[in-house]
Amino acid sequence: MHEHDRLAQQFEDFRPHLRTVAYRMLSSHAEAEDAVQETWIRLSRSKTDEIENLAAWLTTVIGRICLNALRSRAARPEDPVGVRLPDPVVGHEPSHGPEDEALLSDSVSLALLIVLDALAPAERVAFVLHDMFHLTFDEIATVIGRTTVATRQLASRARRRVQGAHEVDSGGDFATRRMLVDAFFAAARNGDLDRLVAVLDPDVELRADGGLALSSASAEIHGAHLVSERAALFRQPGVTVTAVLVNGTPGVLVDRDGVPVSVMGFAVRQDRITQIQILLDPERLAAIDFEAFKA
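Since the structure is predicted, the reported quantities are computational estimates derived from the model, not experimental observations. What you see as residue numbers is a count from 1 along each chain, following the sequence as written. In view of the model being predicted, local features appear only for residues whose pLDDT reaches at least 70, and side-chain atom pairs are presented and counted only at 80 or more, with totals across whole chains, interfaces and linings using the full set of residues. Hydrogens and water are ignored here; the side-chain numbers use all heavy atoms of the structure.

Trainee: Looking at this structure, how should I read empty space enclosed by the protein?
Mentor: Any space left empty among the atoms is revealed by the rolling of a water-sized probe across them. Both cavities and pockets are sets of points on a 1 Å grid over the protein atoms alone; in a cavity a 1.4 Å probe fits but cannot get out, in a pocket the set is open with protein on both sides within 12 Å along at least five of seven lines, and lining residues sit with an atom within 4 Å of a point. Grid points are joined across faces, edges and corners, and a volume is the space filled by probe spheres set on the points. Counted under the stated rule, the structure contains one cavity of 30 Å³ or more. One number sums up the size of the largest cavity: a volume of about 40 Å³. Around the largest cavity, the lining residues are L85, P86, P88, L110, V263, Q277 and L279. Along the lines of polarity and charge, the residues of the lining of the largest cavity split into six nonpolar, one polar and no charged. In this count, Pro and Cys sit with the nonpolar residues alongside Ala, Val, Leu, Ile, Met, Phe, Trp and Tyr, while Asp, Glu, Lys and Arg are called charged and the others, Gly among them, polar.

The following block contains the structure:
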């Protein structure tokens, strides 16, 4: 096999790992794929005989690329201000076999990604590479250009922020979560505000992201009563709700008369829904094959 072909095959073997790293860094499928492609370009231009550990080298390189992307994103004041949700990962409901359990345990919730999006670029990179992918602080220090001690402090600071996400989304096995989501929609369809409030945490937070096309639909709403009033929208005729996984936890796809309307994710604590994430952005919804989940 030609050396370039051999290198390309090795890279393809690592591609799923690199895509996972980049997605957790950037919360964007398109940006993650761009980061993976940039990593390949850098590898193809490198002296590979000097690379002792290819997996570590690739993870370090994509970490630097993602750090630059995060810094560039933070430096764009012209970007629209408003609610911005991470790109969801939509999947079929599991059959509860061993492979499904492994997939679920390896997923990162939207609630966690929302917190990661609020971190400073270097904090996020330090936390993701150390706590999720187990690089040493010495290795991460070379990525972010800080001392090992400073890198450890960045990860520790991020970890304290992330703890809040774990508190928001900390309860219930898969069956309990699905039961709560189903109960939410059943009460919404029936216009039963009391039942809606009963499944919602008193401090529940709803985040809706309409993107540029539906910026007026973007909103952040707090409190069970206000969120339950918003849920009355599901009483409209022609609305269909399809059960799916959203970032490894029970969520739904919503369409109206066959037209995609939203992807919804839910966070749960102590048998109550604590956060509802609603992606309404038509541009990002177009990348999801709604029909594939109805078969």
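Right, picking up where we left off after that structure.
Trainee: Teacher, can you tell me more about the pairing of strand 4 (residues 239-246) here?
Mentor: Every regular strand shows the same layout, with side chains that alternate between the two sheet faces. In the sheet, strand 1 (residues 90-91) pairs with strand 4 via two bridges, with the strands oriented antiparallel. What sits directly across from V90, in strand 4, is V246. When DSSP finds at least two bridges between two strands, those strands are taken to pair. Going along the chain from the N terminus, every DSSP run of H or I of four or more residues is numbered as a helix, and every run of E of two or more is numbered as a strand. Of the pairings in the sheet, the one linking strand 4 to strand 5 (residues 249-256) comprises eight bridges and is antiparallel in character. The residue of strand 5 that forms the bridge with A243 is V252. Linking two consecutive strands that pair antiparallel, namely strand 4 and strand 5, is a turn of two residues; a positive phi of about 55° is found at N247 within it.

Trainee: How should the sheet that holds strand 4 be read in this particular structure?
Mentor: Backbone-to-backbone hydrogen bonds join strands into a sheet, with any given pair of strands oriented parallel or antiparallel. Across the sheet, which stays open at both edges, the seven strands sit in the order 1-4-5-6-7-2-3 with mixed pairing between neighbours. Edge positions in the open sheet fall to strand 1 and strand 3 (219-222), since each of these has one partner strand only. Across the face of the sheet, helix 5 (residues 110-117) comes into contact with strand 2 (200-209), strand 4, strand 6 (259-269) and strand 7 (272-279) while running at roughly 70° to strand 7. Packed onto the sheet, helix 8 (residues 148-168) meets strand 6 and strand 7 and runs at close to 100° relative to strand 6. A contact between two residues is defined here by any heavy atoms of the two lying within 4.5 Å. Axis angles are defined between N-to-C directions and span 0 to 180 degrees, where every axis is a line fitted to C-alpha atoms and, for a helix, only to the segment in contact.

Trainee: I tried to follow helix 7 (residues 137-144) on my own but got confused; where do I start?
Mentor: The periodicity of an α-helix, 3.6 residues per turn, causes residues three or four places apart in sequence to face the same way. Only protein chains enter the accessibility calculation, which uses a 1.4 Å probe; a residue is then buried when its area is under 20% of its type maximum, exposed when over 50%, and partly exposed in between. Burial in helix 7 covers these residues: F137, I140, A141, V143 and I144. Down the axis of helix 7, the smallest arc covering the buried residues is 160°, so these residues share one side. Packing partners of the buried residues in helix 7 comprise helix 3 (54-74), helix 6 (121-132) and helix 8. Following helix 7 by one or two positions, G145 adopts a phi angle in the positive range, close to 75°. Directions drawn from the helix axis to the C-beta atoms are what define this arc.

Trainee: Help me understand the packing of aromatic side chains, please; the structure alone is not making it clear to me.
Mentor: In this description, a pair of aromatic rings is defined by centroid distance and the angle of the planes. Aromatic rings from Phe, Tyr and Trp, with only the six-membered ring used for Trp, were paired whenever their centres fell within 6.5 Å, and each pair was classed as stacked if the ring planes differed by under 30 degrees, edge-to-face if by over 60, and tilted otherwise. Across all of its chains, the model carries six aromatic pairs by this definition. Between F184 and F234, the ring centres sit 6.5 Å apart and the planes meet at 75°, which makes this aromatic pair edge-to-face. Of this pair, F184 sits in helix 9 (residues 174-190) while F234 sits in the loop between helix 11 (224-230) and strand 4, and the two are 50 residues apart along the sequence. In terms of burial, F184 and F234 fall into one category: buried. An aromatic cluster of at least three residues, connected via ring pairs, comprises F184, F185, F234 and F266.

Trainee: Looking at this model, I keep getting lost on the packing of helix 6 against helix 7. Mind explaining?
Mentor: When two helices pack together, their arrangement is given by the angle between their axes and by how far apart the axes lie. Remark: helix 6 packs on helix 7, axes separated minimally by 10 Å, with the N-to-C direction vectors making an angle of 150°. With respect to helix 7, the element helix 6 is oriented roughly antiparallel. Crossing angle aside, the handedness with which helix 6 passes helix 7 is right-handed. The residues of helix 7 that touch helix 6, namely those facing A122, V125, A126, L129 and H130, are F137, I140, V143 and I144. The cut-offs work like this: below 35 degrees is roughly parallel, past 145 is roughly antiparallel, 65 to 115 is roughly perpendicular, and the gaps in between are oblique. Here a crossing is taken to be left-handed if its near helix is turned anticlockwise relative to the far helix by less than a right angle, and right-handed if that turn runs clockwise.

Trainee: Got a minute to help me understand the pattern of salt bridges in this structure?
Mentor: Think of it this way: side chains of opposite charge can pair up when their charged atoms draw near. Salt bridge criterion: a side-chain nitrogen from Lys or Arg within 4 Å of a carboxyl oxygen from Asp or Glu. All chains considered together, the criterion is met by 18 salt bridges. Taking the shortest distance from any N to any O, the salt bridge between E33 and R19 comes out at 3.2 Å. Of this pair, E33 sits in helix 2 (residues 29-44) while R19 sits in helix 1 (residues 3-26), placing them 14 residues apart in sequence. Of the residues examined, R19 reaches a relative accessible area of 35% and is grouped as partly exposed. A salt bridge links E31 to R73, with the shortest nitrogen-to-oxygen separation between them at 3.0 Å. Within this pair, whereas E31 is found in helix 2, its partner R73 is found in helix 3, the two being separated by 42 residues in sequence. The class of R73 is partly exposed, set by a relative accessible area of 24%. Connected through shared salt-bridge partners, E12, R15, R19 and E33 make up one network.

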